[in-house]
Amino acid sequence: MAPSSRSVHPPNDSPAYGSSLLRAPKQPLRVQPGRLGELTAPLLAGETIGTLDHDLTRQHDGEPLGERITISGRVLDEDGNPLAGALIEVWQANASGRYAHLSDQHPAPLDPNFSGAGRCLTDAEGGYRFITIKPGAYPWRNHPNAWRPAHVHFSVFSAAFTQRLITQMYFPGDPLFAQDPVLMSVPDEESRQRLVARWSLELTEPEWSLGYAWDIVVAGRQATPLDDDAPE
Amino acid sequence: MTLPLTPSQTVGPFFRIGLATTIGAHVAGEGTPGAVRISGQVFDGAGEPVPDGLIETWQAEGAGRCPTDDEGHFAIVTTKPARNAVDHSGVEAPHLDVSVFARGLLTRLVTRMYFPDEDEANAADPVLGSLSDAERATLVAVTDDGGLRFDIHLQGARETVFFDR
């Protein structure tokens, strides 16, 4: 049986990820009836995105420390249609692996020139581009000597509820993948690989910065009718 | 053509850095005719408030977003949507689609908030009709101090009904 398109998503019941134990619902998910109408919301009426909001290296007087990078790609739905005008929001740790967040107690230095947040709207082809620095790996207390691989959090907010996605982008070749219960919660290796950006010579700017390519695919605009293996 | 989806990952504990400002908790201004304040608390399986969750509401009129505070509280001001979601199984009662994100949730949770002053529409709603009384009660807000209260229980005896998107 072909897997449901939904099965690429990690089950919330993933006990290796300690925080899930008291938060993952215990009852099976219910199936919503298929919808005839598109379930859409007007997007960001009156919102403005600053012209430099996509550049996390230019939000302060000085430049942040770390490896300068560009992350760029397209946002598509599963039918291959580009999502134009989707809001992409990103947040990340600094080059030392520390978030500019009061609750982050990792004893690594904060960077006065790095807040670690950016946003943009996708263009007519679904394209997006962020300029930032490569985030550092950092320890957490999920299991003894646990470390999160370097990652950038991505939020995709488009006009359709069914397309809403929050995820994380990883960097190729990271040795920390196999011990990370967040990435490993994704059931199959092929799907996990879709969370890993590709280093791109094309996006790499000579004498300036490394480039990474990463496309994002969200559900189609229509709610999916009952899948074969949808939970009852 | 069907492209494979990008998998979901948890929003993590530090999302306020990136998700705090762009979309707000006011879908409708306070003074808008019909504006209603929907507040609630998010609880985990131990009955403890979830202080690092993110609630989003979705309806044709717009989307609202509110992080939970130290006591798990959120509040969103919006209007009641029209009874416009029609499908093959009947006319759905007015409701908000709700997403719940939090550290510990690898994939967003999807639920619905129905309105307590819509007895007739709620009784005819095909989704509510497929649930037990106790399950249905988790999806219908209660009147509270001039607004509506909609608590979300991630686990436990009063676990909220969640949907497969």
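Rules used throughout
Residues numbered from 1 in each chain as written. Chains lettered and ligands numbered in written order. Predicted model: local features only at pLDDT ≥ 70, side-chain atom pairs only at ≥ 80, totals over all residues. Helix = DSSP H or I, 4+ residues; strand = E, 2+ residues; numbered from the N terminus. Buried ≥ 20, exposed ≤ 12 C-beta atoms within 10 Å, placed from the backbone. Contact = placed C-beta atoms within 7 Å. Rg over C-alpha atoms; globule rule 2.2 N^0.38 Å. pLDDT = per-residue confidence, 0-100. Core = buried A, V, L, I, M, F, W, Y, C linked by C-beta atoms within 7 Å. Pairing = 2+ DSSP bridges. Axes fitted to C-alpha atoms, helices over the stretch in contact; angles between N-to-C directions. Nonpolar A, V, L, I, M, F, W, Y, C, P; charged D, E, K, R; others polar.

## Comments concerning the overall build of chain A
Thinking step 1. Scanning chain A for helices and strands turns up 2 helices and 11 strands.
Thinking step 2. Mapped from its N terminus to its C terminus, chain A presents α and β elements in the order β-β-β-β-β-β-β-β-α-α-β-β-β.
Thinking step 3. Evaluated residue by residue, chain A yields a buried proportion of 41% over its 232 residues.
Thinking step 4. A separation threshold of at least 6 residues defines the contact pool for chain A, and within that pool the share at least 24 residues apart is 71%.

## Quick word on the overall build of chain B
Thinking step 1. Helix and strand counts for chain B come out as 4 helices and 11 strands.
Thinking step 2. Relative to the globule expectation of 15 Å for 165 residues, the C-alpha radius of gyration of chain B, 16 Å, shows essentially globular dimensions.
Thinking step 3. Overall size of chain B, expressed as C-alpha extent along the three principal axes, is 45 × 40 × 35 Å.
Thinking step 4. Restricting the contact set of chain B to residue pairs at least 6 apart, pairs at least 24 apart contribute 63%.

## Section: the confidence of the model for chain A
All names here are of chain A.
Thinking step 1. Overall, the prediction assigns chain A a mean pLDDT of 90, with 87% of residues at 70 or greater.
Thinking step 2. A low-confidence stretch, residues 1-5 (pLDDT under 50), is modelled with 9 contacts involving residues beyond four sequence positions or located in other chains.
Thinking step 3. Under a pLDDT of 50 for its full length, residues 224-232 has, in the predicted model, 17 contacts with residues more than four places off or in other chains.

## Details of the nonpolar core
Thinking step 1. Counting 93 residues, the largest nonpolar core has Val156(A), Val218(A) and Val100(B) as its most contacted members.
Thinking step 2. Here the element with the most residues in this core is strand 7 (residues 95-102) of chain B; it accounts for 5 residues.
Thinking step 3. If near-sequence neighbours (up to four positions away) are discounted, Val100(B) is found in contact with Val42(B), Gly53(B), Ile55(B), Leu105(B), Arg108(B), Leu109(B), Thr111(B) and Ile152(B).

## Focus on the sheet that holds strand 7 (residues 151-157) of chain A
Residue and element names in this part refer to chain A.
Thinking step 1. Taken in spatial order, the 4 strands line up as 3-2-7-8 in an open sheet, and their pairing is antiparallel. A single partner strand is all that each edge strand has here, and the edge strands are strand 3 (117-121) and strand 8 (165-170). Between one strand axis and the next, the sheet turns through 20° on average, direction left out of account.
Thinking step 2. Bridge count for strand 2 (residues 87-92) against strand 3 is 5 bridges, and the pairing is antiparallel. Its bridge partner lying in strand 3, Glu89 is registered against Arg119.

## Points about the environment of Tyr138(A)
All names here are of chain A.
Thinking step 1. Position of Tyr138 relative to the elements: it lies in strand 5 (residues 138-140).
Thinking step 2. Given 20 C-beta atoms within 10 Å, Tyr138 falls into the buried group.
Thinking step 3. Each C-alpha atom, one on Tyr138 and one on Pro82, is 34 Å from the other, the two residues being 56 residues apart in sequence.
Thinking step 4. Excluding residues within four positions of it along the chain, Tyr138 makes contact with Ala93, Gly97, Arg98, His106, Ala108, Trp147 and Arg148.

## Observations concerning the interface of chain A and chain B
Thinking step 1. Chain A puts 69 residues into the contact, and the matching count from chain B is 54 residues.
Thinking step 2. Only strand 2, strand 3, strand 7, strand 8 and strand 11 (216-218) of chain A provide two or more residues apiece to the side of chain A that touches chain B.
Thinking step 3. Of the residues in the side of chain A that touches chain B, the class split is 34 nonpolar, 22 polar and 13 charged.

## Thoughts on the sheet that holds strand 7 of chain B
All names here are of chain B.
Thinking step 1. Here we have 4 strands laid out as an open sheet, ordered 3-2-7-8, and antiparallel in their pairing. Edge strands, defined here as strands with exactly one partner in the open sheet, are strand 3 (62-67) and strand 8 (109-114). Each neighbouring strand pair of the sheet contributes to a mean axis angle of 25°, computed without reference to strand direction.
Thinking step 2. Judged from the 6 bridges that link them, strand 2 (residues 53-59) and strand 7 form a sheet pairing that is antiparallel. Residue Trp58 lies in a different strand from strand 7, and its bridge partner there is Asp97.

## A closer look at the pairing of strand 10 (residues 210-213) of chain A
Residue and element names in this part refer to chain A.
Thinking step 1. Of the strand pairs in this sheet, strand 1 (residues 68-77) and strand 10 are connected by 4 bridges, and their pairing is parallel. The partner of Ile71 across the bridge, within strand 10, is Tyr212.
Thinking step 2. Taken together, the 2 bridges between strand 9 (residues 198-199) and strand 10 define a ladder with antiparallel strand orientation. Paired with Trp199 across the strands is Tyr212, a residue of strand 10.

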